[in-house]
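Breakdown of the fold
Spelled out, the chains give:
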Amino acid sequence: MVKYDPSLLEQWDKQYVWHPFTQMRQYLREKPLIIDRGEGSYLIDVEGNRYLDGISSLWVTVHGHCHPELNQAIREQLDRIAHSTLLGIANVPSILLAKKLVEITPPGLNKVFYSDNGATAVEIALKMAFQYWQQKDGGRYRNKTKFISLVNAYHGDTIGSVSVGGIPLFHGIFKPLLFECLHAPAPYCYRCSLGLIRESCHMACLDQLEELMAGHCEEVAALIIEPLVQGAAGMITAPDGFLRRVRELCTRYNILLIADEVAVGFGRTGRLFACEHEEVAPDLMCLAKGITGGYLPLAATLATDEIYEAFLGEPEECKAFYHGHTYTGNPLACVAALANIELLEKTNLLAALQTKIELLRRGLEKFWQLPHVGDIRQRGMMVGIELVVDKSTKEPYPMREQIGHRVILEARRRGLVIRPLGNVIVLMPVLSMSCEELQRVLEITYESIAAVTGR
Ligand SMILES: *Cc1c(COP(=O)(O)O)cnc(C)c1O
């Protein structure tokens, strides 16, 4: 490829590219970071500067960048075929991957429906749940058309997935376009909506969920949840046992459980899937982000036989699932996912993670000393550090302060790429990161928070 002058690239980036989730006026004022290469835990920009990847390139990278085995798997597939459709015909990698996914996911999830990203994986789960009840037992359950989701939930940015989302900043403007959804309280214990404290609350928020279910079970098709951690809301970690009780309630009230493991899947929480921590088997499960180890866009929605069978019938009965994306089951993406999973098994990455999770936990203790660190939440390799104006009142920083943004710019100057969620500094290190590199991520984060907010 031709090597372009960095300043020319900067000019063209600002002239032609509209960045996601980005206020472009603010972006245009700053010097952009333009990545040229990756090496293990590092990102390298067009000027040759190296940065630790502290957010796994938006929560996707598993074995590091430019991994020789992943690269090789994709190269080999590239010499066979880059793409062929799954509409009515099959391809080899999509078969092998589906078999593998069924083997490694919680019991009962036996069918794999592919798409390209987390939002589509969620759309598919919602539509499957909806159509399932329309077709089950000759239409006996046709009134089950609604969904329950949690306050602060994030399930992607398409209209359907936004409809089950609950983050006013992202979703408020689109309200007139969305379908109605029932919201249950989130386990945001630092700012409990019921005014309770974790030590003595007995998860009273789940009583509210039960009330909601009891009142609406005839009309609710499914509940969708991010198991253990609400990621985009600011790494909100649920108390132990929360997910398991949600599963029990869904079963009791005949409501399907959709586990959105897009962010938490593939090792982020210390287990392969977050549901495993509480031995939960959902009815539908959404996978994306880490599925290809951060290589190519791919997603999968897994379903039980019970759901799959409600779509069977003669062609003229029109019970098929009429949904599909052009690149569904793309062979290059599927081999990347297969190689990612094989590498997870071969390197025993999950076992090695336990030491790193503990290292993070110990390293984060020191952060409580900082005067503007209000809360620290960690689940496995997912961390959120919530910054506040005043610890005693938990007063949030006003948006105009851009406190999270200023901290991450400071970190960037010190050689670490991270991205905040509002006033929450997120750490989501590459899972293969060494202990020394993790230590460095913690040091830079600490120094950057201290430099911007004070000691
Ligand atoms: C990122 C995310 C999505 C959306 O995934 P995309 O690939 O960005 O569409 C959905 N659900 C959760 C929990 C996520 O974190």
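Since we're looking at a predicted model, the values are computed, not measured.

Brief notes about the layout of surface pockets
Of the volumes computed, that of the second largest pocket is approximately 660 Å³. If you trace the second largest pocket, you find 26 residues lining it, with Lys111, Val112, Phe113, Met128 and Tyr308 closest to the centre. When contributions to the lining of the second largest pocket are tallied by element, the ones reaching two or more residues are α5 (92-104), β4 (109-115), β12 (299-304) and α11 (305-309). Its residues placed into classes, the lining of the second largest pocket shows 18 nonpolar, six polar and two charged.

Details of the packing of aromatic side chains
One pass over the structure, following the stated rule, counts eight aromatic pairs. Judged by centre distance (5.5 Å) and plane angle (65°), the ring pair of Tyr4 and Trp12 falls under edge-to-face. What makes Tyr4 partly exposed here is its relative accessible area of 41%. You can call Trp12 partly exposed: its relative accessible area is 32%. Pairing Phe147 with Phe179 gives two aromatic rings, centres 6.0 Å apart and planes at 45°, and the pair type is tilted. In this pair, Phe147 is assigned in strand β5 (residues 146-150) and Phe179 in the loop between α8 (168-171) and β6 (182-184), connecting sequence segments 32 residues apart. For Phe147, a relative accessible area of 4% translates into the label buried. Among the aromatic residues, those joined into a ring-pair cluster are Phe113, Phe311 and Phe321. One Lys or Arg, Lys144, reaches over the ring of Trp133 and ends 4.7 Å from the middle of that ring. Here the guanidinium or amino end of Lys366 rests over the ring plane of Tyr446, the centre of that ring lying 4.0 Å away.

Points about the environment of Thr453
With respect to the helices and strands, Thr453 occurs in helix α15 (residues 435-453). Residue classification places Thr453 among the buried residues on the basis of a relative accessible area of 11%. For the pair formed by Thr453 and Cys217, sequence separation is 236 residues and the distance between their alpha carbons is 47 Å. A distance of 2.7 Å separates a polar side-chain atom of Thr453 from the backbone oxygen of Ile449.

Examining empty space enclosed by the protein
Applying the stated rule across the entire model yields two cavities of 30 Å³ or more. Computed from the structure, the largest cavity encloses a volume of approximately 110 Å³. Pro187, Cys189, Cys192, Cys201 and Cys205 are the residues nearest the centre of the largest cavity, which is lined by 15 residues in total. Taken together, the residues of the lining of the largest cavity sort by class into 13 nonpolar, one polar and one charged. For the lining of the second largest cavity, a count of residues per class yields eight nonpolar, one polar and one charged.

Reading guide: rules and limits
- Note that residues are indexed from 1 along each chain, following the sequence as it is written.
- Residues qualify for local features only when their pLDDT is at least 70, as the model is predicted, and side-chain atom pairs are given and counted only at 80 or more; totals for whole chains, interfaces and linings, by contrast, use all residues.
- Calculation of side-chain values draws on the structure's entire complement of heavy atoms; hydrogens and water are dropped beforehand.
- Site definitions follow a grid-based scheme: protein atoms alone, a 1 Å grid, a 1.4 Å probe that fits but cannot get out for cavities, and for pockets an open set with protein on both sides within 12 Å along at least five of seven lines, plus lining residues having an atom within 4 Å of a point.
- Grid points are joined across faces, edges and corners, and a volume is the space filled by probe spheres set on the points.
- Note on conventions: DSSP H or I runs of at least 4 residues are helices, E runs of at least 2 residues are strands, and numbering of each starts at the N terminus.
- For this scheme, ten residues count as nonpolar: Ala, Val, Leu, Ile, Met, Phe, Trp, Tyr, Cys and Pro. Four count as charged, namely Asp, Glu, Lys and Arg, and the remainder, Gly too, count as polar.
- Each pair of aromatic rings taken from Phe, Tyr and Trp, with Trp reduced to its six-membered ring, is defined by centres within 6.5 Å and is described as stacked if the planes are under 30 degrees apart, edge-to-face if over 60, and tilted in the remaining cases.
- Each residue is placed in one exposure class: buried if its accessible area under a 1.4 Å probe, protein chains only, is under 20% of its type's maximum, exposed if it is over 50%, and partly exposed if it falls in between.
- By definition, being over a ring means that NZ of Lys or CZ of Arg is both within 6 Å of the ring centre and within 35 degrees of the ring normal.
- Each polar contact in these results corresponds to two N or O atoms within 3.5 Å; when the atoms are within protein, one needs to be able to donate a hydrogen and the other to accept it, and residues that are neighboring in sequence are counted only if both atoms are side-chain atoms.

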